[in-house]
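Residues per chain are reported as follows:
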Amino acid sequence: MSEPKGEEELTESQIRADWNHRAENVDGDEQVADFLAHIRIVDQSTFQIVLPTLCIVASKPITEPREKDLEAICADVLLDAESTRPSRRAVLACLKEFRFGSAWSDFFTLIEALEEPQFHIIRPVLPRFDALLSAVRENKIEFLWLKTALFRAISHTNGWIRVWTIEKSVAIDCDILKQNHQFITDVVIPSLNNNDVFWRQLEKSKIQEFLLQLGSTVDTIKSTPGFLHNLLKSVESLSCPTAIFLVVSTFTRIKREEILNDDDVALMRRVVLRARYIPHRSIRITTIRNLVIFYANVAHLTPIILEELSNLIGFISQDATTSMIDSIFQQIHQIIISTGYQSSEDHCASLFENKFGEDVKNLELHAKMWWISMGTDQSLQEKLFSKIQLEVSELLGEKTSRDLTTQLFLLKERPSNLKCNNDVLECMKNDLGEYILSKVVSNEGSKREFQLLQSLYIPLFLKYCCHLVTPFAIAVIKVLTEIKECETTAFLLTFFEAIVENVSEDHLKILGANFFEYLGGSDVIGMKRQKKSVDEYDSKEFNSIVATLHSLRIKLLNKFITEVDVNSFLSECIEQLDIASAFPVKQQICHLISRFIRKCSDHKLAMQCIRACSNIVNEEKKSLNSLPALECFVNVTLSGPQNNPEVCRESIEYIESQLSIACQSTPVALILVDAITKYRTNLNISWAPIIVKLALFGPVPKKESRVLSYAYSKIFDEEDTLLENDQIERLDEVVQKARFKAVLLSLKLSSEDCKTWPAALIEEIFNASAILDQSSSRSFGLSMAHRQKTRGVELLHLLAARIEDETLASKIFEFCISCVVDPCQQFSIKLIVEWTLARLCIKFEKPFEKLIDSDFEKNMASQRIGSMCSWLNVLMLISRAAPRLVDSCLDKVIVWCTAQNFPVRCTALAAARLMFSTFDKDHRKKWRLVKSIVNFDGEPSGNSKRVIENLCTDFYFAKLHINDHFDFQTILSIVASRTGMPPEETISEKIISQLNTDPNLVKSTNEDVEFLSAPSEVYSALSKNTSCAPTMEHDNAVDDDELFVSSEDPIEEVVTSSFQRKIVKDSEVKDDGVSLIVVASLVDKPNNLGGICRTSEIFGVDTLVVADVLVAQDSNFKALSMSSENWQKIEGVKPANLLEYLQGLRSQGYTVIAAEQTTDSVMMHNFVFPKKAVIVMGDEKEGVPVNLLRAVDQTVEIKQVGHTRSLNVHVTAALMIAKFAEQVRFAKN
């Protein structure tokens, strides 16, 4: 007989049959225990196969311990993020065999619903979480199962479900979380390790609320044994930089309690080391600062803990400002005082004698900590201070060779409140200078000496010994000529470079001569190959010292050099750029080139310089030096002879290529605009396209950039005074600053040369606008085309104020009219161009005459009747700013008060009312007819009354004064925000005030309180749906009142019925063989498409066809679609491909029906729809084009009996879709 096969040799069906047999034959508690134990030790693939056998075992009579064993296996599967859906179904079936009751019913319903990917299926059952939490409170079910349900929700594919669950999790009762704190550290904190979570909270405007709740939860349960240790491990495991910052930021409000101790030092350091890798400097500094303060708050303070805090501060001491470091120590000092911790005199003396001599790192930080560890014992501080002063005075006076490092650090870092009648260092500053000089001159270039140079010798010398700077500088430079060792030379040159800034102009020539003698000439850029003389440096460290030495030589050469043979010197610079390998060296060579290239007489040599510097940008583009390299290149390029056409053309090409990558690295744009502003007098109008592109710059922010911007704004709102004021570092403001600086640059150039620059810039705006108008997304609100067109007309509006040429004014007038006639333009564009038109009409006679010309008026109305609203707006703005023209304006307005078009009629009536209200008594008599018109209330309960009242109080229509309110804030912020543009599209008042240093250019802010407080109900439609976050209220589901019902109406029946109704909706309403496709590729307005999408989803349309599926992301689309795009199938077919697409559908048996009026069209109420139909909707204005009609089987029109000539395309589609549903889909009813 053959040997029995092992499980690894059996097929899946054989394994399943074998285990089914075993499960059926299990009998008794011991056999059940063995069976379950065996399942736990099988391999993963076998485990997946045999899980269904648990149902067989669970159906048998088993004891409570075995039920617990089964629960443990089921929980492990459900809590496994990698488990399969069949596995989860198997363990749910097992649990249902022996677990009953309302709480378990809630659990099963939640887990089953969470298996579905669709948001609308899960949302109705979300209240079950509250019911399950109530059951946990009442001990009806273990927290394990609430945790399991929450884990499955946090692991769901839908991000909004994940975020909602995370918010729910941190708000669980703290009493429950104290007993189950691993849920926070093992599930919640790891789930925050991405930007998606925080982006969704930003969309919901709940991120601050969430962070406060998380901080409150951590604070409440922090004292639970093991929690804080596990929390730090969870933070250590995070990798997303913004997640680390935001999570750690919640620790700042945690109250003082001694939990951590000396044994936790290693873990504390590991978390800081993780934060150290955050690439964004301000976020990194603030995160580590928050961790240090958090540790001080929750640790039992001991000398070891305080020493470690000093070391942790050392990780940011090089990048952080002095104010930030002082702030950290002040907070630690307050904590020390509050705990009553205080070092003894013996302990301080011990540190004084031993500690500082051993540690070569962070000496100044340890000195600060040494002082504050004395707490409030000022007498001890004064005693030790006197002792140190005495010792220093004796040793400096004796001029001994004894090292004073410890004592000098302690004096340097003494507390500011420590009384000091006689500062020994001030009194003995000559002796101190000699001591420092002796240390500098006798250095061997060791690591310790370099650290002491930067942290001790240079600061003390600059504070106390500036009177000795000239003789000491001469002494150092003379020593340099005799030194050969690289490390020692670099040390001396570092000290020399630091003190030479304080040398007077009279002595610079002497120093320059000595320095050139050291270099070997006044134009020596290169340096001989260096050899290592200090063994403690590895190759990388030594190369860094060599780079420091070489870059300092070139930097000082640039300081002392005055005249050179420019062409030969630049040739040498190019050669050295090719040789140099370290970026600091290349950077200093670029500074030399940018200084002398403007004097270059050979344009080909100048171009060689520019090309050589562009190579540096390519070499450094993936390094931390990418932005400094770009600054070097741009400075060289713009310093060059731009009056040469060849140099100018190539320079523009290089800058264009850099601008093209600015969307990925936004600080690039800021560097470019700063450089162009700096060198603007060297540029000509060929640079206008670059300047306009910068003024239009700004990518649509992605999730990561939005979260990063929030993190930066949070940091600088709270810590602005403690952080370095570096505009490149402010990533939340970089785009807005770049744009606004480009606007300021345009206005400065137009002021400095009002003949050429304004026309060139305006012409470029026209060109950019023409390109944007060709975009397929131009009609989509908040698309890139919409955003850039808005920025363009804002710049045009500002430039138009400087126009004196009537011909150019006429061009601007025509451009603005084309904008208001275009049906695709959003209010953010229309209002600005209307304002521009109004100012032109007041400034020049011809534009106003043309505006009120009857033929012009008729032409506008014939092109698009809706454009007459803009025309009336312009007349309204003119009448407010120029009372002399009000009669002419009102004469035109009054005619349109009876227009059939509803918006036009309401606008005319509102304008007439506002104009009439400004008249005096005599004037009112002249226009008494107007009084009758504006007082006539033909629709007392209709929409017109509400619309007119809104217009008469609107910030723009009723309050804007085109001259008084001509300021940056109104143009670049208020109008944009009031018309629904998101914050990133506005320029904040803070940025405007900070950067607009010339108030004569354009006023910065608007101080009109009445204008600022006026509402914006008319033009703010875009803002109604700028967030894509779905509502989490349980409409058509279960609300709170339904959850807690009487015993006659059990909760599970209420929720389950609602949940099941959502699940089976599609199968109930769709029949075999019935299919409807709606083709709306010719419809270009997003709001119409959104309405068609909503109707299509409601009535079961199989496919909605649009020109571009990206329209579903448009806020105007979403305003009417009501999230139906999440469930409606949408397909993209461009208009050019429609004919082929429709012919393909006909070949599949579809009947193509066009909603169009033709000679053989059938009235819809007489038409019988086939079971498979395609409804083609035409363009809003032109309908279905003739070339498509040959692919149409039948045209159908809707009978009309009123005066209005046509229906909105959305309404037409809705009527036809509903008719199809009535005749075909719902015919059985």
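Calculation notes
- Each chain has its residues counted from 1, running along the sequence as written.
- Reporting of local features is limited, given that this is a predicted model, to residues whose pLDDT is at least 70; pairs of side-chain atoms are given and counted only at 80 or more, and all residues count toward the totals for whole chains, interfaces and linings.
- Think of the side-chain values as coming from all heavy atoms in the structure, minus any hydrogens and water.
- Strands are runs of DSSP state E lasting at least 2 residues, helices are runs of H or I lasting at least 4, and numbering of each runs from the N terminus.
- Between the first and last residue of a helix there are one fewer steps than residues, each counted as 1.5 Å, and that sum is the expected span.
- Each residue's exposure class comes from its accessible area (1.4 Å probe, protein chains only) as a fraction of the maximum for that residue type: buried when under 20%, exposed when over 50%, partly exposed otherwise.
- As used here, the arc belongs to the directions running from the helix axis to the C-beta atoms.
- Any two residues having at least one pair of non-hydrogen atoms within 4.5 Å are treated as being in contact.
- The criterion is simple. A nonpolar core is a set of buried Ala, Val, Leu, Ile, Met, Phe, Trp, Tyr and Cys residues joined through side-chain atoms within 4.5 Å.
- A pair of strands is labelled paired if DSSP reports no fewer than 2 bridges between them.
- Looking down the strands as they point away from you, a crossover is right-handed if its path from the first strand over the helix to the second goes clockwise.
- Salt bridge, as used here, is a side-chain nitrogen of Lys or Arg placed within 4 Å of a carboxyl oxygen of Asp or Glu.
- Within a predicted model, pLDDT stands for the predictor's per-residue confidence, ranging from 0 to 100.
- Every axis in this analysis is a line fitted to C-alpha atoms, fitted for helices over the stretch in contact. Angles between the N-to-C directions lie between 0 and 180 degrees.
- Working definition: roughly parallel below 35 degrees, roughly antiparallel above 145 degrees, roughly perpendicular at 65 to 115 degrees, and oblique for all remaining angles.
- The hand of a helix crossing depends on one turn: near helix anticlockwise from the far one by less than a right angle means left-handed, and clockwise means right-handed.
- Patch members must show over 30% relative accessible area and no salt bridge, and they are joined within 9 Å when carrying like charges or within 5 Å when they are nonpolar side chains of Val, Leu, Ile, Met, Phe, Trp or Tyr.
- The protein chains shown are the only cover counted for residues, whose accessible areas, like all others here, come from Shrake-Rupley with a 1.4 Å probe.
- In this tally Asp and Glu are treated as negative and Lys and Arg as positive; neither His nor the chain ends contributes.
- Positions of charges follow a simple convention, taking NZ of Lys, CZ of Arg, CG of Asp or CD of Glu.
- Pairing of aromatic side chains requires ring centres within 6.5 Å, counting the rings of Phe and Tyr and the six-membered ring of Trp. Pairs whose planes differ by under 30 degrees are stacked, by over 60 edge-to-face, and all others tilted.
- Counted as over-ring charges are cases with an Arg CZ or a Lys NZ within 6 Å of the ring centre that also lie within 35 degrees of the ring normal.

1. Some points on helix α2 (residues 29-41)
Helix length check: α2 (13 residues) gives 19 Å between terminal C-alpha atoms against 18 Å at 1.5 Å per residue, within 8%. If you check which residues of α2 are buried, you get V32, F35, L36 and I39. Take α2 and look down its axis: the buried residues cluster within an arc of 95°, on one side only. Opposite the packed face of α2, turned more than 90 degrees from it, sit the exposed residues E30 and I41. Those residues of α2 that are buried lie in contact with α1 (12-24), α3 (44-50), α4 (53-58) and α5 (64-78).

2. Notes on helix α61 (residues 1086-1098)
Taking 1.5 Å of rise per residue, the 13 residues of α61 would be expected to cover 18 Å, and the 18 Å separating its terminal C-alpha atoms lies within 8% of that figure. Most of α61 is tucked away, with 10 of its 13 residues classed as buried. Taken residue by residue, α61 has P1086, N1088, L1089, G1090, G1091, I1092, C1093, T1095, S1096 and E1097 as its buried positions. Following α61 by one or two positions, G1100 adopts a phi angle in the positive range, close to 75°.

3. Things to note about the nonpolar core
Within the largest apolar cluster, 240 residues are counted, with the highest numbers of intra-cluster contacts made by L425, F496, F515, I593, I812, I878 and F968. For F968, the residues in contact, after removing those within four places along its chain, are F740, V743, L744, L747, L798, S973, I992, N996, V1002, K1003 and S1004. Among the nonpolar cores identified, the runner-up in size contains 144 residues, and L78, V91, I166 and L306 belong to it.

4. Description of the pairing of strand β2 (residues 1103-1106)
Where burial is concerned, the two faces of β2 agree: the one with T1103 and V1105 and the one with L1104 and V1106 are both buried. In this structure, strand β1 (residues 1075-1079) lies alongside β2, joined through three bridges in parallel fashion. Residue pairing across strands places V1079 opposite V1105, the latter belonging to β2. Note on the crossover from β1 through α61 to β2: the handedness is right-handed. Sheet topology places β2 next to strand β3 (residues 1130-1132); three bridges connect them, and they run parallel. Residue pairing in the sheet places V1106 in a bridge with G1132 of β3. A crossover connection joins β2 to the parallel β3 through helix α62 (residues 1115-1121); in handedness this β-α-β unit is right-handed.

5. Observations regarding the pattern of salt bridges
The full count for this structure, using the stated rule, is 59 salt bridges. For R88, the salt bridge identified is with E115, shortest N-O distance 2.6 Å. Highlighted residues: R88 in helix α6 (residues 85-96) and E115 in the loop between α7 (102-113) and α8 (119-122), separated in sequence by 27 residues. Assigned by exposure class, R88 and E115 land together as buried. K96 is the partner of E112 in a salt bridge, and the nearest nitrogen-oxygen pair spans 2.3 Å. Here E112 is found in helix α7, whereas its partner K96 is found in helix α6, with 16 residues between them in sequence. The class for E112 is partly exposed, based on a relative accessible area of 32%. Each member of the salt-bridge network shares a partner with another, and the members are E67, K68, E71, R99 and E142.

6. Focus: unusual backbone geometry
Here N139, not a glycine, exhibits a phi torsion of approximately 60°, which is positive. Residue position: N139 is located in the loop between α9 (127-137) and α10 (143-154). A relative accessible area of 69% means that N139 is categorised as exposed. If you check the backbone angles, S205 has positive phi at about 60° while not being a glycine. Of note, S205 is situated in the loop between α14 (195-203) and α15 (207-221). Residue S205 is classed as exposed on the basis of its relative accessible area of 66%.

7. Here's the deal with the confidence of the model for the chain
Detailed reading of the predicted coordinates is not advisable wherever pLDDT is low. Averaged over the chain, the pLDDT score is 87; the fraction of residues at 70 or greater is 93%. Contacts from residues 1-5, a stretch scored under 50 in pLDDT, to residues over four places away or in other chains number one contact. Predicted confidence is poor over residues 1034-1070, with pLDDT under 50, and the contacts of this stretch with residues over four places away or in other chains come to 47 contacts.

8. So, the packing of helix α34 (residues 583-596) against helix α35 (residues 603-620)
Viewed as axis vectors pointing N to C, α34 and α35 meet at an angle of 150°, and their least axial separation amounts to 11 Å. By the angle between their axes, α34 is roughly antiparallel relative to α35. Crossing of α34 against α35: the hand is left-handed. In this structure, α34 uses F583, K586, C590 and I593 to contact α35, whose residues at the interface are C609, C613, I616, E619 and E620.

9. Observations concerning the environment of L1139
Position of L1139 among the secondary structure elements: in helix α63 (residues 1138-1147). Note on L1139: relative accessible area 18%, which makes it buried. Those residues within four positions of L1139 in sequence are excluded, and the remaining contacts are N1187, L1188, R1190 and A1191.

10. Thoughts on the side chain of Q658
Among the secondary structure elements, Q658 is positioned in helix α37 (residues 645-659). The class of Q658 is buried, set by a relative accessible area of 10%. Those residues in contact with Q658, other than ones at most four positions away along the chain, are V617, L630, F633, V668 and L672.

11. Remarks on a negative patch on the surface
On the surface, D805, E806, E845 and E849 cluster together into a negatively charged patch. The partly exposed category is assigned to D805, whose relative accessible area is 42%.

12. What to know about the environment of E814
Along the chain, E814 falls in helix α44 (residues 806-821). What makes E814 partly exposed here is its relative accessible area of 34%.

13. Description of the packing of aromatic side chains
Tallying each qualifying case throughout the model produces 37 aromatic pairs. When the centroid spacing of 5.7 Å and the interplanar angle of 35° are considered together, the rings of W104 and F108 count as tilted. In this pair, W104 and F108 both sit in helix α7, four residues apart, roughly one turn of the helix. Classification of W104 as buried rests on a relative accessible area of 7%. An aromatic cluster of three or more residues is present, and its members are F496, F515, F516, Y518 and F560. Just above the ring of W160 sits the side chain of R200; from NZ or CZ to the centre is 4.7 Å. Across from the ring centre of F716, 4.1 Å away, lies the NZ or CZ of R730, which sits over that ring.

14. Some remarks on the pairing of strand β6 (residues 1172-1176)
Sheet faces and side chains relate simply in a regular strand, where the side chains alternate between the two faces. Within β6, four of the five residues are buried, leaving the element largely enclosed by the surrounding structure. Where β1 and β6 come together, five bridges link them in parallel fashion. When the sheet's bridge partners are listed, V1078 is paired in β6 with I1175. Both strand β4 (residues 1151-1155) and β6 contribute to a ladder of four bridges, which runs parallel. Pairing of A1154 across the sheet is with V1176, part of β6.

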